[in-house]
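# Per-entry structural report
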Amino acid sequence: MALSNVFETPAAGFNFDNTSRNAALEGLFDGGQTPKPMKTGTTIAGVVFKDGVVLGADTRATSSEVVADKMCAKIHYIAPNIYCCGAGTAADTEKTTDILSSNLTIFSLNSGRNPRVIMAVSILQDMLYRYRGQIGANLILGGVDCTGNHLYTVGPYGSVNKVPYLSMGSGDLAALGILEDGFKHDMELEEAKELVRLAIHAGIMSDLGSGNNIDICVITRQGVDYIRPYQVSEYKDNRKTKYKYRPGTTPVLTEKVVRLKLEVVQESMQRMDTA
Amino acid sequence: MKTRPNRICNRNTVYRKESGRNGITMNTRGLRSQLKDSVPVAGLCPQGAYGVQDSLRSGFTSVKNELLPSHPLELSEKNFQPNQDKMNFSTLRNIQGLHAPLKLQMEYRAARQIQRLPFLQSSNLALDTLRGNDESIGFEDILNDPTQSEMMGEPHMMVEYKLGLL
């Protein structure tokens, strides 16, 4: 239907038409009843070791007080040699890392090179600052490239920090305690994996927003080892019976089959121009 | 040696203009310069079908609703591309001289004229290539694609609006 009050086609990108309506609705509900976005209230951690980077994350996604996803994947793929853990609003971290990964793929197709971690960090910084923190994404980027092993953290406003060990999310203080105590430069692979596992475990035990299983991702020059799950939580719910209905549970009283008669009215073939 | 007396200028007092609306406070001090470039026509084209104010979707009519932006990012997103261009051109002018931005702006103007009629979607291929947008993906490529917009304007009105005859 052609509307007579639309003078220009709407611009691409974010559409702010509903903000005044949302503000009016919030006033009507008298606070506290608008749907909350799914946050990943998380523990994520990363450690640089001798041959590369180890990233770890828990797998719980919460929507205020309810666990929305018990097996959420928080370690996102950016490039073959770069992975990113995301904390904050789940949709924001996923979309941002998707866009970042697409941009880096275009770059590597154009130039024929593997992307560097600092490129990913710069793109993220520009993008997040442009939206002044409205995109709630706290990210830990880790990767191995020709200049070495790197671990960066990017905050929602675009602040960047480069450190050998990191943790973010609501359980970051607990995890950081373990990391501060156990970190040494140039650790071996098994030591690093154990340290990250302990850090995430501390976050799971001390924080309500983190829980369930632990995922670990090891990035080295030779390749990536994404272990999901690395450690399964011992508090699994055991279902006592199967809840699927057997066929024949509901009795069938009558059955009537009507065939649809379709007749061919017109048949035309068009060759595809593959020149 | 004369010493200047200390004068407290009242003109330089910093005062924050804040508009609070439904719990959202915004510093509206710098908004006037950004609003200057875009002139919204209050009350002339209310949102909603058939030209009647759509109370369900946009709330009750008020002049403040239509003049001030309701989201802190609204103005900065609308002006993002022109601001980037201004910044890049002024840097280029400082480095290479006046001729560089002039040549580039001439190319931009030429590329911007390759358009279909207002109610049809143009691909803007030349403009995208000049800007470098063909090698990057952002939110404007994913969200709210104009080729798949749900609203269609009336072709005659849109052409008249573009030509300024309306």
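Model, not experiment: these values are computed from the prediction.

Adjacent strands of a sheet form backbone hydrogen bonds with each other and so pair up, either parallel or antiparallel. All names here are of chain A. With antiparallel pairing, five strands are arranged side by side in an open sheet as 6-7-8-9-10. Of all strands in the sheet, those with a lone pairing partner are strand 6 (75–79) and strand 10 (160–162), marking the two edges. Here the average twist between neighbouring strands, direction ignored, is 25°. With four bridges connecting them, strand 6 and strand 7 (residues 82–88) associate as antiparallel partners. The residue bridging Y77 from the neighbouring strand is Y83, located in strand 7. The sheet contacts of helix 2 (residues 90–111) involve strand 6, strand 7 and strand 8 (137–145), and relative to strand 6 the element is tilted by about 20°. Strand contacts of helix 3 (residues 117–130): strand 7, strand 8, strand 9 (148–154) and strand 10, with the helix running at about 160° to strand 8, the strand carrying the most contacts.

UniProt tags residues 239–268 of chain A as "domain: Proteasome beta subunit C-terminal" (unreviewed entry). Structurally, residues 239–268 of chain A comprises 0% helix and 0% strand, and the distance from its first C-alpha atom to its last is 57 Å.

Residues and elements named next belong to chain A. An order of 11-2-3-12-13 is seen for the five strands of this open sheet, with the pairing classed as antiparallel. This sheet does not close on itself; its edge strands, each paired only once, are strand 11 (165–168) and strand 13 (224–231). Neighbouring strand axes in the sheet, compared pairwise and without regard to direction, differ in orientation by 15° on average. Judged from the five bridges that link them, strand 12 (residues 214–220) and strand 13 form a sheet pairing that is antiparallel. Paired with C217 across the two strands is Y226, which belongs to strand 13. Its contacts with the sheet place helix 4 (residues 172–182) against strand 2 (44–48) and strand 11, and it is angled at close to 165° to strand 11.

As a further point, take helix 6 (residues 99–112) of chain B. Residues and elements named next belong to chain B. With 14 residues, helix 6 extends 20 Å between its outermost C-alpha atoms, agreeing within 8% with the 20 Å of an ideal straight helix rising 1.5 Å per residue. Those residues of helix 6 that fall on the buried side of the exposure criterion are A100, P101, Y108 and A111. Seen end-on, helix 6 carries its buried residues on one side only, within an arc spanning 90°. In helix 6, those exposed residues whose orientation departs by more than 90 degrees from the buried face are K103, M106 and R109.

With that settled, consider the nonpolar core. All names here are of chain A. The biggest cluster of nonpolar side chains holds 23 residues, and the ones touching the most others in it are I82, L100 and L141. Going through the elements one at a time, strand 6, strand 7, helix 2, helix 3, strand 8 and strand 9 are the ones with two or more residues in this core. Ranked by the residues each element gives to this core, the list is headed by helix 3, at six residues. Discounting residues that sit within four places of it in the chain, L141 has contacts with I82, Y83, C84, L100, A120, V121, L124, H150, L151, Y152 and V154.

This part covers the confidence of the model for chain B. All names here are of chain B. Within chain B, residue pLDDT values average 72, and 59% of them lie at 70 or more. Predicted confidence in chain B is weakest over strand 1 (residues 18–21), with a mean pLDDT of 47, and strongest over helix 6, with 94. Confidence drops under a pLDDT of 50 for residues 1–23, and excluding neighbours within four residues, the segment shows 24 contacts in the predicted structure. Interface scoring of the predicted complex returns ipTM 0.70; its pTM is 0.75.

This model, assessed by the stated rule, comprises seven aromatic pairs over all chains. Note on F14 of chain A and F139 of chain B: the rings are 4.9 Å apart at their centroids and 45° apart in plane angle, and the pair reads as tilted. Pair noted here: F14 of chain A is in the loop between strand 1 (2–3) and helix 1 (19–29) and F139 of chain B is in helix 8 (residues 139–142), and the two residues belong to different chains. The exposure class of F14 of chain A is partly exposed, given its relative accessible area of 35%. Ring geometry for Y131 of chain A versus F139 of chain B: centroids 5.6 Å apart, planes at 85°, classification edge-to-face. Of the two residues, Y131 of chain A sits in the loop between helix 3 and strand 8 while F139 of chain B sits in helix 8, which places them in two different chains. In this structure Y131 of chain A comes out as buried when scored by relative accessible area, which is 2%. Its end group placed over the ring of F80 of chain B, R130 of chain A keeps NZ or CZ at 3.7 Å from the ring centre.

Residues and elements named next belong to chain A. Evaluation of the coordinates by the stated rule reveals zero disulfides over all chains. For C84, which is in no disulfide, the shortest distance to another cysteine sulfur is to C85 and amounts to 6.6 Å. The exposure class assigned to C84 is buried, which follows from its relative accessible area of 0%. Free of any disulfide, C217 has its nearest neighbouring cysteine sulfur in C85, separated by 7.6 Å. Classification of C217 as buried rests on a relative accessible area of 0%.

All names here are of chain A. Residues Y165 and S167 line one face of strand 11 and the alternating positions L166 and M168 line the opposite face, and both faces are buried. With four bridges joining them, strand 2 and strand 11 adopt antiparallel strand pairing. Looking at strand 11, one finds that I44 is bridged to M168.

In this section: the UniProt feature "active site" (unreviewed entry) in chain A. Residue and element names in this part refer to chain A. Following the UniProt record, the feature "active site" (unreviewed entry) maps to T42 here. By the element assignment, T42 lies in the loop between helix 1 and strand 2. One polar contact links T42 to K74, side chain to side chain, over a distance of 3.2 Å.

Moving on, we get to the pattern of salt bridges. Inspection of every chain in the model, using the stated rule, returns nine salt bridges over all chains. Note that K50 of chain A and E188 of chain A form a salt bridge whose closest N and O atoms lie 3.0 Å from each other. Taken together, the positions of K50 of chain A in the loop between strand 2 and strand 3 (52–58) and E188 of chain A in the loop between helix 4 and helix 5 (189–206) put the pair 138 residues apart, joining distant regions of the chain. In this structure, E77 of chain B and R130 of chain A form a salt bridge, with 3.0 Å as the shortest nitrogen-oxygen distance. Taken together, the residues E77 of chain B in helix 4 (residues 74–78) and R130 of chain A in helix 3 connect one chain to another. Accessibility expressed as a relative area gives 16% for E77 of chain B, which makes it buried. Several salt bridges converge on common partners, so that one network encompasses R130 of chain A together with E77 and E140 of chain B.

Parameters and conventions
- Residues numbered from 1 in each chain as written.
- Chains lettered and ligands numbered in written order.
- Predicted model: local features only at pLDDT ≥ 70, side-chain atom pairs only at ≥ 80, totals over all residues.
- Heavy atoms only, no water.
- Pairing = 2+ DSSP bridges.
- Helix = DSSP H or I, 4+ residues; strand = E, 2+ residues; numbered from the N terminus.
- Axes fitted to C-alpha atoms, helices over the stretch in contact; angles between N-to-C directions.
- Contact = heavy atoms within 4.5 Å.
- UniProt positions renumbered as here; feature names shortened; annotations may be inferred.
- Expected span 1.5 Å × (residues − 1).
- Buried < 20%, exposed > 50% of the residue type's maximum accessible area, 1.4 Å probe, protein only.
- Arc of directions from axis to C-beta.
- Core = buried A, V, L, I, M, F, W, Y, C linked by side-chain atoms within 4.5 Å.
- pLDDT = per-residue confidence, 0-100.
- Phe/Tyr/Trp six-rings, centres within 6.5 Å; stacked < 30°, edge-to-face > 60°.
- Lys NZ or Arg CZ within 6 Å of the ring centre and 35° of its normal.
- Disulfide = S-S within 2.5 Å.
- Polar contact = N/O pair within 3.5 Å; in protein donor to acceptor, adjacent residues only side chain to side chain.
- Salt bridge = Lys/Arg side-chain N within 4 Å of Asp/Glu carboxyl O.

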